[in-house]
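Working through the structure, step by step
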Amino acid sequence: MTSVNWLEETNKRKEELIATTQQFLQIKSVLDPESVREGAPFGEGIRQALDFALGVCEKAGMTTKDVRGYAGHAEFGQGEELIGILSHVDVVPEGDGWSTPPYAAEIVDGRIVARGAIDDKGPTMAAIFAAKIVMELGLPLSKRVRFIFGTDEESSWQCVNTYFETEEMPTMGFTPDADFPLIYAEKGLTDLSLRQTLESFQSLGKPAAENVEAKLVSLQAGLRMNMVPDKAIATLAPIGLNSEAIAQSYRQHLDATGLKGKVEEQDGLVVLHMEGVSVHGMDPSKGVNAGTELIHFLRTLSLDERGAVFVGLADRYLHKQYYGEALGIAHDDAEMGALTLNTGVIEYDEKQDALFRLNIRYPHSVAFEKWSAILAERFSEGAFSLEVAEHLTPHRVDPNHPLVTTLQRVYTEQTGEEAGIIAIGGATYGRSLDVGVAFGPLFPGRPDSAHQRDEYIFVDDLIKATAIYAQAIYELAK
Ligand SMILES: [Zn+2]
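Residues numbered from 1 in each chain as written. Predicted model: local features only at pLDDT ≥ 70, side-chain atom pairs only at ≥ 80, totals over all residues. Heavy atoms only, no water.

**Comments concerning the overall build of the chain**
The line we're drawing: Note on conventions: DSSP H or I runs of at least 4 residues are helices, E runs of at least 2 residues are strands, and numbering of each starts at the N terminus. Only protein chains enter the accessibility calculation, which uses a 1.4 Å probe; a residue is then buried when its area is under 20% of its type maximum, exposed when over 50%, and partly exposed in between. Accessibility throughout is a Shrake-Rupley quantity obtained with a 1.4 Å probe, and a residue counts as covered only by protein chains that appear here. Within this scheme the basic residues Lys and Arg register as positive and the acidic residues Asp and Glu register as negative, but His and the chain ends are omitted. Each charge is placed at NZ for Lys, CZ for Arg, CG for Asp and CD for Glu.
A count of helices and strands for the chain gives twelve helices and 24 strands. With 478 residues in all, the chain has 55% of them scored as buried. Accessible surface, the chain as shown: approximately 19700 Å² in total, 47% of it carbon and sulfur. Computing the positive centroid from 42 side-chain charges and the negative centroid from 71, the chain places the two 1 Å apart.

**Here we look at the coordination of the zinc ion**
Stated precisely, the cut-off is as follows: Listed donor atoms are N, O and S within 2.8 Å of the metal (Na, K and Ca: 3.2 Å). As water is not included, a site may look incomplete. Any coordination sphere not matching a tetrahedral pattern (four donors, all angles between 85 and 135 degrees) or a square planar or octahedral pattern (four or six donors, opposite donors over 155 degrees apart, other angles between 65 and 115) is reported as irregular.
Taken together, His88 (NE2), Asp119 (OD), Asp177 (OD) and Asp177 (OD) make up the full set of protein donors to the zinc ion, lying 1.9 to 2.6 Å away. For the zinc ion, the four donor atoms are set out with angles of 52 to 142° between them, so the coordination reads as irregular. Donor residues for the zinc ion, ordered by position in the chain, follow H-x30-D-x57-D. Separated by 89 residues along the polypeptide, His88 in strand β3 (residues 82–88) and Asp177 in the loop between β7 (172–175) and β8 (178–179) bring together distant segments of the chain. For His88, a relative accessible area of 0% corresponds to the buried category.

**Re the state of the cysteines**
Here, the word disulfide means a covalent bond between the sulfur atoms of two cysteines. Here is the rule we go by: A pair of sulfur atoms, both from cysteines and within 2.5 Å, is called a disulfide here.
Taken as a whole and judged by the stated rule, the model has zero disulfides. There is no disulfide at Cys57, and the cysteine sulfur nearest it, in Cys159, is 16 Å away.

**Details of the packing of helix α2 (residues 14–25) against helix α12 (residues 459–477)**
Spelled out, the test is: Angles run from 0 to 180 degrees between N-to-C directions of axes, and those axes are lines fitted to C-alpha atoms, restricted for helices to the stretch in contact. In these notes the angle categories are as follows: under 35 degrees is roughly parallel, over 145 is roughly antiparallel, 65 to 115 is roughly perpendicular, and the rest is oblique. By convention, the crossing between two helices is left-handed when the near helix turns anticlockwise from the far helix through less than a right angle, and right-handed when the turn is clockwise. The contact definition used throughout considers only heavy atoms, calling two residues in contact when any of these lie within 4.5 Å.
Where α2 meets α12, the axes come as close as 11 Å, and the angle between the chain directions of the two elements is 110°. Taken together, α2 and α12 sit at an angle that is classed as roughly perpendicular. α2 and α12 meet at a crossing whose hand is right-handed. On α12, the residues that touch Lys14, Leu17, Ile18 and Thr21 of α2 are Val459, Leu462, Ile463 and Thr466.

**What about the packing of aromatic side chains?**
The condition is simple: Paired rings are identified among Phe, Tyr and Trp, the last through its six-membered ring, by centres lying within 6.5 Å, and are further divided according to the angle between planes into stacked (under 30 degrees), edge-to-face (over 60) and tilted (the rest). Should the NZ of a Lys or the CZ of an Arg lie within 6 Å of a ring centre and within 35 degrees of the ring normal, that charge is described as sitting over the ring.
Taken as a whole and judged by the stated rule, the model has 25 aromatic pairs. Measuring from ring centre to ring centre gives 6.4 Å for Tyr362 and Phe368, while their planes differ by 40°; the resulting arrangement is tilted. When its relative accessible area of 2% is taken as the criterion, Tyr362 is described as buried. Here Lys132 stacks its cationic end above the ring of Phe129, 5.0 Å away from the centre of that ring. For Lys464, the ring lying beneath its charged end belongs to Phe443, and the centroid distance is 4.3 Å.

**Side note on the pattern of salt bridges**
We apply this condition: The rule for a salt bridge is simple: a side-chain nitrogen of Lys or Arg has to be within 4 Å of a carboxyl oxygen of Asp or Glu.
Under the counting rule described, the total for this entry stands at 29 salt bridges. Among the salt bridges present, the one from Glu350 reaches Lys351, with a minimum N-O distance of 3.6 Å. Relative accessible area serves as the criterion here: at 22%, Glu350 is assigned to the partly exposed category. Judged by its relative accessible area of 62%, Lys351 falls in the exposed class. Taken together, the shared-partner salt bridges connect Glu9, Lys12, Arg13, Glu16, Lys132 and Glu136 into one network.

**Quick word on the sheet that holds strand β14 (residues 269–275)**
Worth spelling out the cut-off: Pairing between strands is defined by DSSP: at least two bridges between the two strands are required.
Taken in spatial order, the eight strands line up as β13-β14-β12-β11-β17-β18-β10-β19 in an open sheet, and their pairing is antiparallel. Both edges of this open sheet fall to β13 (260–266) and β19 (385–392), since each of them pairs with a single strand only. Neighbour-to-neighbour, the strand axes of the sheet open up by a mean angle of 20°, direction not taken into account. By the bridge criterion, eight bridges tie strand β17 (residues 340–349) to strand β18 (residues 354–362) in an arrangement that is antiparallel. Within β18, the position partnered with Thr340 by the bridge is Arg361. Packed onto the sheet, helix α9 (residues 305–317) meets β10 (188–196), β11 (214–221), β17 and β18 and runs at close to 170° relative to β17. The sheet contacts of helix α10 (residues 368–380) involve β10, β18 and β19, and relative to β10 the element is tilted by about 20°.

**As for the side chain of His319**
To keep things clear, this is the line we draw: Any pair of N or O atoms that falls within 3.5 Å is considered a polar contact. Within protein, one atom must be able to donate a hydrogen and the other to accept it, and sequence-neighbouring residues count only if both atoms are side-chain atoms.
Tracing the backbone shows His319 in the loop between α9 and β15 (332–333). Residue classification places His319 among the buried positions, given a relative accessible area of 8%. A distance of 3.2 Å separates a polar atom in the side chain of His319 from a polar atom in the side chain of Thr292. Excluding anything up to four places from it in sequence, His319 contacts Thr292, Glu293, His296 and Ala314.

Set out below in C-alpha cells:
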C-alpha cells in the first residue's frame, strides 16, 4: 500500500474533473458519415472529441499522437514496458425521450446526465485525471503509461484494428468500459450462416414426399443473430389437408403450449404467425424463440420434401437447443461457462435459399475448429453449408497474472469490497489488447444506463473510479 490518499487527491481536483467531463460530454461524438474527411474517418463530432481528450492529456504534460483520426494516444512515464489504457470517445446516437438535453451534461440528483456519461467518456476522463494525479505527485515510474483513444468502438472497431497495425501493443492494460470489479475472460463469439440453395438441395436427389399435407412456401423469423426472434411467420400451401384443418391444428397447438400466435388465410394459402420473447442471444434460454417454436409446430405436418428436411433439421438441432446438446457440441467450462447457441435468423423460400443464422459463444477450453466441424457435418445432411460471418476468438488473462491480482488488490483497498473476477459471454474493449481486462466503471449493484435514454454516471462514482484508476496506474507502472 502506498502512503498516497488517492481519494483525497481526487477530491482536490473534483471541480476541474467534473467541469472537464461535462465539456467532453457536450461534444456530440456520434458516427456521422456526412462529415467524414481525411483525418476524420468517422466524422467531425468524433474528431472533436478525440482532439479534446488528446488536448487534456497534452496539457497535463503527456506526449500525444494522432493516428489519422482512427485513434490517438497520449503517453507519459519511462521504461521498456508499456501499460495501456484503452477507451473510446465515440457514443451511440442519443435517441428520444430524454429528461434533459443529451449533450447538456447537466447534473441532476448527483448524476451527470448525458450520452456517453458511463459509456465511455465519463470513465475516459476519470482515467485521464487519475494519470494527472500520478504525474502531479511526481511519483517515480519504471514503465510507460499510454492512453489509447478509439473512435468507433460503437460500430466496427476499425479504430483499434487500424491503430494496432502500426502502433505498439501494450505489455498489459485495462479498459474502463464495462464493470467493476474486473472482467478477465470473454467467450469466443461467432456469427454463422448455414445456407442451402435450391440447387444444393436438389443435388441431394431426395425422392418426392408422399402423403404431403402442406407445402412450406416461406418462413421468416428474426433480424439479428444476437437476439432471440420474437416474431415468426410461415406460409403454407395446403395439399392433403385443407386450410381450415391446418388452422385448427395450429390453434390447438397454441392452446396446448400456451404460446401466442394467430393464423390467417390468404389467396388459398395459410399464414401462421408465432410470437416469442426476445432476449439477448448471449443467454437464449431466457427467451422464447418464435422461429423454432413455429418450426416445432410445422414438424407435426407432413410437408413437401424440401420443407421436411428444413423443418426436420431445425427441430432436431435448434429447437430449445440452447447449448448445442443435440448437435453434440455442448461444452461447459467451470470458469467461463457453457457454449451457447442462439438461432437469431431463420429464412426459407421455396424458390430460393434456406438459411439459419446462428450466434454461438464458446469458452476457451473448446476449439472453434472442433465444434464448428461437427455443426457443419450435421447440417451437410440437408445440403447446408457453413459460412463464418464473424469470429472473435475467446479472450482470457490468467487469473494469477499480475495485471489481474494488482487490479483486484487496488479495487479492494479503495472500496473495502472483495474483488471477484468475472467471465462474460459478451465482448469488451479489453479483448483488443493482447493482455487486457475490463476494469470498471460500473460498480456492482448500479443499473447500467449505457445506450439508454438519460444515460448517467453518479458524480460520486466518477470520483471513486478516478481514485481507483489513479492507484491502479501507479501500481502497474511503478
Ligand atoms: Zn463502450
